[in-house]
Amino acid sequence: MAVSIVSTDDPADVRRALNLIGGIDRFVKSGDRVVIKPNICAGKPSDTGAVTDPAVVLEVCKVVSECGGQPVVCESPIYPFPSSRVFRRAGYDDFENRYGYPLLDIDSSPSKRVRIPEGVAIDHAVISEEVLKCDVLINVPVLKTHLQTTVSLGLKNLKGVVVGKQKHLIHLSGLNEGIVDLNTLVKSHITIIDGIIGMEGGGGPTNGRPVRMNVIVASDNVVEADSTGVRIMGGDPKAVEHIRLAADRGLGVLDGFDIYGAGLEAVSRKLDLPKRPDFNRMLISGMAIRIWDAFRRPAMKVLRGEQVERRPRLGELVIDHDLCDGCRLCLEACPVGALSFTERLECDRKTCLLCFCCAEVCPKGALSKET
Ligand code: SF4
Ligand code: SF4
């Protein structure tokens, strides 16, 4: 197992990164059907850091074709975004017409309900048949943060091989273990992290701040690629639950592997990573707000005749009503119908599962997690 790091702002340097881990022909043979899975979770341009740069994916397609492989670029974006619009807005429009590389909309293509024998949180998933049948899977995530899983790299990117709304099952059953379950079933033969423009902050995966990082990482092991990605972001892979769980379950190691190319020090930068929930702080904050709700706030309401809202507790969904434009996409994304919109967006806190599917789809960044 090996990892390469290339310090660059040129997408063509995907070739250098691959050569440093033995070259593409170590993995792809002539006639192989090769699924390329970028992260195109939303219809945003790649300079936002939310999606994999199409120029990086194009280079991967070219490298695969040159050694006789048949590339197909596959994605199922965050529900309810439609793939066709997401491909277009993220700049993938000319892949088919100009270069002849097919784009496969997983949500409207054949899929299969498959058992996950090693599943801990989920024991089945509905997955694209193209992905299940391919000879080689090349996972091409972008280097970015995620409000629930701290980072979204290679392991997390495989959630996009699950069809549309079926992804909710993973959120409802335990996101971190569910991501690892998926990775026990679907193997990434190569992981290439596009870190030319990454993302930081708690707005990730779609509404964080873009950061120019000028780096490409390649590996034949997804856990080792992700561990390296986290270190490049200035974090500790042991502190990222799904990566640690993947290592605990034998999918790779967090350190001790060979790194070729640029050193970590040359490309690392301390990014603003979303914090892990601190359960003690959440408990104390929850108790304090309950006391406030029970005594002071109703009293103030009576005295002043004010409409006083309950403050969100740590880890709860926060709605910024000033940013919300009422598009209602979040209502479709919520798996349990906790959101409603009459005069403005409201969340039924008793129903809300804190899955944050709604925050992932909000185009205005109006939904976030109380920290
Ligand atoms: S919170 Fe976001 S997704 Fe929901 S209605 Fe407002 S703008 Fe739309
Ligand atoms: S309202 Fe709650 S349950 Fe619904 S999508 Fe948002 S975080 Fe998840």
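Whatever comes next refers back to the structure up there.
What comes next is a walk through the structure. Counting from 1, residues in each chain are numbered in the order their sequence is written. The order in which chains are written sets their letters, starting at A; the order in which ligands are written sets their numbers, starting at 1. This being a predicted model, a pLDDT of at least 70 is required before a residue's local features are given, and a value of 80 or more before pairs of side-chain atoms are given or counted; all residues contribute to the totals for chains, interfaces and linings. In computing side-chain properties, one takes all heavy atoms of the structure into account and sets aside hydrogens as well as water.

Below, the discussion takes up the packing of helix H9 (residues 222-232) against helix H10 (residues 241-248). At their nearest, the axes of H9 and H10 sit 10 Å apart, and the two run at 145 degrees to each other. Remark: the crossing between H9 and H10 carries left-handed chirality. Here Val223, Asp226, Ser227 and Val230 of H9 lie close against H10, whose contacting residues are Ile243, Ala246 and Ala247. Of the residues in the contact of H9 with H10, the class split is five nonpolar, one polar and one charged. Every angle, taken between N-to-C directions, lies between 0 and 180 degrees, and every axis is a line fitted to C-alpha atoms, over only the stretch in contact when it is a helix. The helix count covers DSSP runs of H or I at least four residues long, the strand count covers runs of E at least two residues long, and both are numbered beginning at the N terminus. Rotating anticlockwise by less than a right angle from the far helix to the near helix defines a left-handed crossing, while the corresponding clockwise rotation defines a right-handed one. Any pair of residues with heavy atoms lying within 4.5 Å of one another is described as a contacting pair. The residue classification treats Ala, Val, Leu, Ile, Met, Phe, Trp, Tyr, Cys and Pro as nonpolar and Asp, Glu, Lys and Arg as charged. All others, Gly included, are polar.

Right, let's get into the packing of aromatic side chains. Between rings of Phe, Tyr and Trp, where Trp is taken as its six-membered ring, a pair exists when centres lie within 6.5 Å; planes separated by under 30 degrees are stacked, by over 60 edge-to-face, and by other angles tilted. Counted under the stated rule, the structure contains three aromatic pairs. The interplanar angle of 50 degrees and the centroid separation of 6.4 Å between the aromatic rings of Phe87 and Tyr92 together place this pair among those described as tilted. Assigned by exposure class, Phe87 and Tyr92 land together as buried. Three or more aromatic residues joined by ring pairs form one cluster here, namely Phe87, Tyr92 and Phe95. By definition here, charges over rings are those cases where NZ of Lys or CZ of Arg is within 6 Å of the ring centre and within 35 degrees of the ring normal. In this structure, Lys369 is placed above the aromatic ring of Phe356, and the distance from its NZ or CZ to the ring centre is 5.7 Å. Type-normalised accessible area, obtained with a 1.4 Å probe on protein chains alone, sets the label of each residue: buried when under 20%, exposed when over 50%, and partly exposed for intermediate values.

Here the focus is empty space enclosed by the protein. Where empty space is left in the structure can be found by rolling a water-sized probe over the atoms. Site definitions follow a grid-based scheme: protein atoms alone, a 1 Å grid, a 1.4 Å probe that fits but cannot get out for cavities, and for pockets an open set with protein on both sides within 12 Å along at least five of seven lines, plus lining residues having an atom within 4 Å of a point. Grid points are joined across faces, edges and corners, and a volume is the space filled by probe spheres set on the points. Scanning the entire structure with this criterion turns up four cavities of 30 Å³ or more. In this structure, the largest cavity occupies an estimated 220 Å³ of space. Mapped by element, the contributors of at least two residues to the lining of the largest cavity are strand S8 (144-146), helix H6 (154-157), helix H7 (168-173) and helix H14 (357-361). Of the residues in the lining of the largest cavity, the class split is six nonpolar, eight polar and seven charged.

This next bit is on the packing of helix H8 (residues 175-185) against H10. It is the contact of H8 with H10, at a shortest axis distance of 9 Å, that shows an interaxial angle of 45 degrees. Overall, the two elements H8 and H10 adopt an arrangement that is oblique. Once H8 is placed against H10, the crossing between them reads as right-handed. Seen from H8, the contacting residues are Asn176, Glu177, Ile179 and Val180; seen from H10, they are Glu241, His242, Leu245 and Ala246. Each residue belonging to the contact of H8 with H10 can be placed in one class, and the counts come to four nonpolar, two polar and two charged. Any angle between 65 and 115 degrees counts as roughly perpendicular, while under 35 counts as roughly parallel, over 145 as roughly antiparallel, and the rest as oblique.

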